[in-house]
Amino acid sequence: MVKIAIFGVGLMGGSLALCFKGKPDLYVVGHSTRESSVRKYLERGVVDSATTSLREAAEDADFIFLCGPVGSLESTLKQLAEVKLKPGCIITDVGSTKSSVNACARSLDLGEAIFIGGHPMAGSERSGVEAASLYLYENAFYVLTPNGTTPPEAVEKLKELLVHTKANIVIVDPDEHDDIVGAISHLPHMIAVALTNQVRRYNDNNELYSQLAAGGFRDITRIASSDPSMWRDILVDNRDVLLRLIEDWNEGIEEFARMLKAGDLEGIGEAFRTSGEFRNSLPERRKGVIHAIYECYVDVPDTPGVIGRIATELGNRHINLSNMQIIESREDVPGILRLSFRKQDDLDQAVIALGELQYSVHF
Ligand SMILES: NC(=O)c1ccc[n+]([C@@H]2O[C@H](COP(=O)([O-])OP(=O)(O)OC[C@H]3O[C@@H](n4cnc5c(N)ncnc54)[C@H](O)[C@@H]3O)[C@@H](O)[C@H]2O)c1
Ligand SMILES: O=C(O)C(=O)C[C@]1(C(=O)O)C=C[C@@H](O)C=C1
């Protein structure tokens, strides 16, 4: 039996646990320092067993996944260095930054255990085991950051286990990872939060701001609802990269200000053209390299029960809907419903069904 210990069974750890649990020869143990969390993991059935004892979870584990906040990783690694781990045990993490955790692991004597940094490029603004999903990692990129001293067979062993996540594994240098992920994930989170707070301040004096906020504002600010303590840790850990990126961001915004002052229609148009070209070249139906979501938009009349009817019709046809969201600008006008699916096939079938039901569908 291969024993997998998961430290911190939240959104990421719980989703990993769901991918491994019940698979032949795999046994999943969850760890939390809190008794109440251990009970929750067991009640929700995401792990085979759970414990508050770090030693009990770790000592005969073949794989250890550190799935706590970035700020907890070094301390957990140090505690693991005090335990006699199984020879060949692979310790990995899912933290959103990679340089500091790699440096910490290299500075510790982990015996015959091997550390390989990891970062699945999938997630959401939700957190906790309640948000965990068997499908979170499907089709997502999953970064591993071994270094020159990591035995290649250990990387292969971890990759073999991660097959259960259905993610695409990519090997990236830790510093390069932090530069790239700083730009495509950490900076966007800061921008979303700053923008949301800017509008929140205007809204304090005039609630029309939030009432009129439609698709554009909602799309760009979804991640402003992310977990504050998780993001504090990430941003502070990647501080140097982010300070550089903020300088570049300020330059981009300054350039807009310059073009507006000069009435530079061509320059503004060119900025939208180049951004549109790049945005449209991102892998089809994926949010960046984040997670595979297949989506369509449906015009819905403002009549009672219409949303329930659409959900029921799709359910009757065994089409699996993963999410539905109403995007409306005013209460009294027809709205738009965003339907999300995990599989292309479900989306295709939904489009056919909605067409038959005379709904207008857009992408
Ligand atoms: N949420 C995302 O979109 C996302 C995506 C990729 C990677 N990550 C990374 O994954 C990790 C976990 O994020 P999540 O979204 O699953 O968060 P989460 O809040 O859902 O889960 C975190 C888990 O860690 C435990 N925990 C909290 N404080 C701890 C501590 N001091 N020591 C040990 N465990 C502790 C919590 O009890 C919980 O089980 C973070 O390092 C984050 O940077 C998150
Ligand atoms: O989709 C989201 O909500 C996320 O925030 C996921 C996201 C990101 O894309 O920024 C967040 C943090 C990660 O480390 C990786 C992925």
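Keep in mind the model is a prediction, meaning the values are calculated, not measured. (Residues numbered from 1 in each chain as written. Chains lettered and ligands numbered in written order. Predicted model: local features only at pLDDT ≥ 70, side-chain atom pairs only at ≥ 80, totals over all residues. Heavy atoms only, no water.)

## As for the sheet that holds strand 11 (residues 335–341)
Thought 1: Pairing is antiparallel in the open sheet, where four strands are placed in the order 10-11-9-12. Both edges of this open sheet fall to strand 10 (323–327) and strand 12 (361–362), since each of them pairs with a single strand only.
Thought 2: One ladder, built from five bridges, connects strand 10 with strand 11; its direction is antiparallel. Directly across from Asn323, in strand 11, lies its bridge partner Ser340.
Thought 3: Lying over the sheet, helix 13 (residues 306–316) contacts strand 9 (294–300), strand 10 and strand 11, oriented at roughly 25° with respect to strand 11. (Pairing = 2+ DSSP bridges. Helix = DSSP H or I, 4+ residues; strand = E, 2+ residues; numbered from the N terminus. Contact = heavy atoms within 4.5 Å. Axes fitted to C-alpha atoms, helices over the stretch in contact; angles between N-to-C directions.)

## Structural notes on the packing of helix 11 (residues 239–262) against helix 12 (residues 265–280)
Thought 1: For the pair helix 11 and helix 12, the least separation of the axes is 8 Å and the interaxial angle reads 145°. Within the contact between the two elements, helix 11 uses Phe256, Met259 and Leu260 and helix 12 uses Gly267, Ile268, Ala271 and Phe272.
Thought 2: Tallied by class, residues from the contact of helix 11 with helix 12 come to six nonpolar, one polar and no charged. (Nonpolar A, V, L, I, M, F, W, Y, C, P; charged D, E, K, R; others polar.)

## Topic: the site of ligand 1
Thought 1: With respect to spatial proximity, 24 residues lie near ligand 1, and among them Leu11, Met12, Gly68, Ser96 and Gly128 are the closest.
Thought 2: Interatomic distance of 2.8 Å between a backbone N/O atom of Gly68 and an oxygen atom of ligand 1.
Thought 3: Coverage of ligand 1 by the protein chains reaches 75% of its 820 Å² of free accessible surface.
Thought 4: Sorting the residues of the shell around ligand 1 by element identifies helix 1 (11–20), helix 4 (70–81), strand 6 (114–120) and helix 10 (228–237) as the ones contributing at least two each.
Thought 5: When the residues that make up the shell around ligand 1 are grouped by side-chain class, the tally is twelve nonpolar, eleven polar and one charged. (Near = heavy atom within 4 Å. Polar contact = N/O pair within 3.5 Å; in protein donor to acceptor, adjacent residues only side chain to side chain. Areas by Shrake-Rupley, 256 points an atom, 1.4 Å probe, with all protein chains shown as cover.)

## Observations regarding the pairing of strand 11
Strand residues, when the strand is regular, have side chains that alternate between the two faces of the sheet.
Thought 1: With six of its seven residues buried, strand 11 lies for the most part within the structure.
Thought 2: Judged from the seven bridges that link them, strand 9 and strand 11 form a sheet pairing that is antiparallel. Across the sheet, Glu295 pairs through a bridge with Ser340, a residue of strand 11. (Buried < 20%, exposed > 50% of the residue type's maximum accessible area, 1.4 Å probe, protein only.)

## Description of the side chain of Lys98
Thought 1: Within the secondary structure, Lys98 is located in the loop between strand 5 (90–93) and helix 5 (99–107).
Thought 2: By relative accessible area, Lys98 is classed as buried at 0%.
Thought 3: Within the local environment of Lys98, its side chain forms a polar contact with the side chain of Asp93, the two groups lying 2.8 Å apart.
Thought 4: At a separation of 2.8 Å, a polar atom in the side chain of Lys98 contacts the main-chain carbonyl oxygen of Gly95.

## Quick notes on unusual backbone geometry
Thought 1: Here His318, not a glycine, exhibits a phi torsion of approximately 60°, which is positive.
Thought 2: Tracing the backbone through its elements, the reader meets His318 in the loop between helix 13 and strand 10.
Thought 3: We classify His318 as exposed; its relative accessible area is 69%.

## As for the sheet that holds strand 4 (residues 63–66)
Thought 1: In space, the eight strands of this open sheet follow the order 3-2-1-4-5-6-7-8, with mixed pairing throughout. Every interior strand has two partners, whereas the edge strands, strand 3 (49–51) and strand 8 (168–171), have only one. Neighbour-to-neighbour, the strand axes of this sheet turn through a mean angle of 25°, independent of strand direction.
Thought 2: Where strand 6 lies against strand 7 (residues 141–145), four bridges are found, and the strand directions are antiparallel. Directly across from Gly118, in strand 7, lies its bridge partner Leu144.
Thought 3: Together, strand 2 (26–31) and strand 3 form the strand contacts of helix 2 (residues 35–44), whose direction differs from that of strand 3 by roughly 175°.
Thought 4: The sheet contacts of helix 4 involve strand 1 (2–7), strand 4, strand 5 and strand 6, and relative to strand 4 the element is tilted by about 155°.

## Describing the packing of aromatic side chains
Two aromatic rings, taken as a pair, are described by how far apart their centres are and by the angle between their planes.
Thought 1: What the rule picks out here adds up to three aromatic pairs.
Thought 2: Each ring, one from Phe20 and one from Phe65, has its centre 5.5 Å from the other, and the planes form 45°; the classification is tilted. One end of the pair, Phe20, is in helix 1; the other, Phe65, is in strand 4, and 45 residues separate them in sequence.
Thought 3: What makes Phe65 buried here is its relative accessible area of 0%.
Thought 4: Judged by centre distance (6.2 Å) and plane angle (50°), the ring pair of Tyr137 and Tyr142 falls under tilted. Tyr142 matches Tyr137 in its accessibility class, with the two residues each being buried.
Thought 5: Taking NZ or CZ as reference, Lys157 lies 5.6 Å from the ring centre of Phe63, over its face. (Phe/Tyr/Trp six-rings, centres within 6.5 Å; stacked < 30°, edge-to-face > 60°. Lys NZ or Arg CZ within 6 Å of the ring centre and 35° of its normal.)

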